[in-house]
Amino acid sequence: MRRDDRDDPFDEFFREIERMMNDVMDDARARGGAGAGGPAASEPSGADVHLDVYEEDDSLRVVADIPGVDKRDIDLRCDGEVLTLDAAGDAREYHERVRLPARVDEHSASASYNNGILEVTFDRADDSANIDLS
């Protein structure tokens, strides 16, 4: 018994996926994206940052993988709740805002950058203050 492809329940599904992928590729070509004589993958663009946040007893540590930038081209800002990272190198740009899982003392920050790995450490901010009753 020979199977009739017209009865394939997934045929329409796969055709729709192929149509959507073709639409995406056509849009990329129209904007001058890669594969259409546009910029190559190694030219400047907003790159995704691989970032991990570690909560420790009295501190919070953020470790980010941002290769290809010089230390002096990294801009870090923190308001106690959100860490903002902007960095630009010859081949990449990074723009990241990270909501920290705990409030930190932004003035306690220390940062190091070595071999493409950025590490920022903060002291946790006190959640509440003791009030002396007189």
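Residues numbered from 1 in each chain as written. Predicted model: local features only at pLDDT ≥ 70, side-chain atom pairs only at ≥ 80, totals over all residues. Heavy atoms only, no water.

Another point: the sheet that holds strand 2 (residues 50-55). The pairing of strands in a sheet comes from backbone hydrogen bonds and takes either a parallel or an antiparallel form. Strand order in the open sheet formed by four strands is 2-3-8-7, with antiparallel pairing between adjacent strands. Two strands close off the open sheet at either side, each with one partner strand: strand 2 and strand 7 (104-114). On average, each strand axis in the sheet is inclined to that of its neighbour by 15°, with strand direction left out of account. Taken together, the seven bridges between strand 3 (residues 59-65) and strand 8 (residues 117-124) define a ladder with antiparallel strand orientation. Residue pairing for strand 8: Leu60 is matched across the bridge by Phe122. (Pairing = 2+ DSSP bridges. Helix = DSSP H or I, 4+ residues; strand = E, 2+ residues; numbered from the N terminus. Axes fitted to C-alpha atoms, helices over the stretch in contact; angles between N-to-C directions.)

Our next topic: the pattern of salt bridges. Counting across every chain of the model gives nine salt bridges. In this structure, Arg19 and Glu16 form a salt bridge, with 2.5 Å as the shortest nitrogen-oxygen distance. Here the residue Arg19 and the residue Glu16 both occupy positions in helix 1 (residues 11-30), the gap between them amounting to three residues, near one helical turn. For Glu16, a relative accessible area of 30% puts it in the partly exposed group. The salt bridge partner of Arg103 is Glu81, with a shortest N-O separation of 3.5 Å. Here Arg103 is found in the loop between strand 6 (93-99) and strand 7, whereas its partner Glu81 is found in the loop between strand 4 (74-78) and strand 5 (82-88), with 22 residues between them in sequence. Look at Arg103 and you get partly exposed, because its relative accessible area is 41%. For Glu81, a relative accessible area of 37% puts it in the partly exposed group. (Salt bridge = Lys/Arg side-chain N within 4 Å of Asp/Glu carboxyl O. Buried < 20%, exposed > 50% of the residue type's maximum accessible area, 1.4 Å probe, protein only.)

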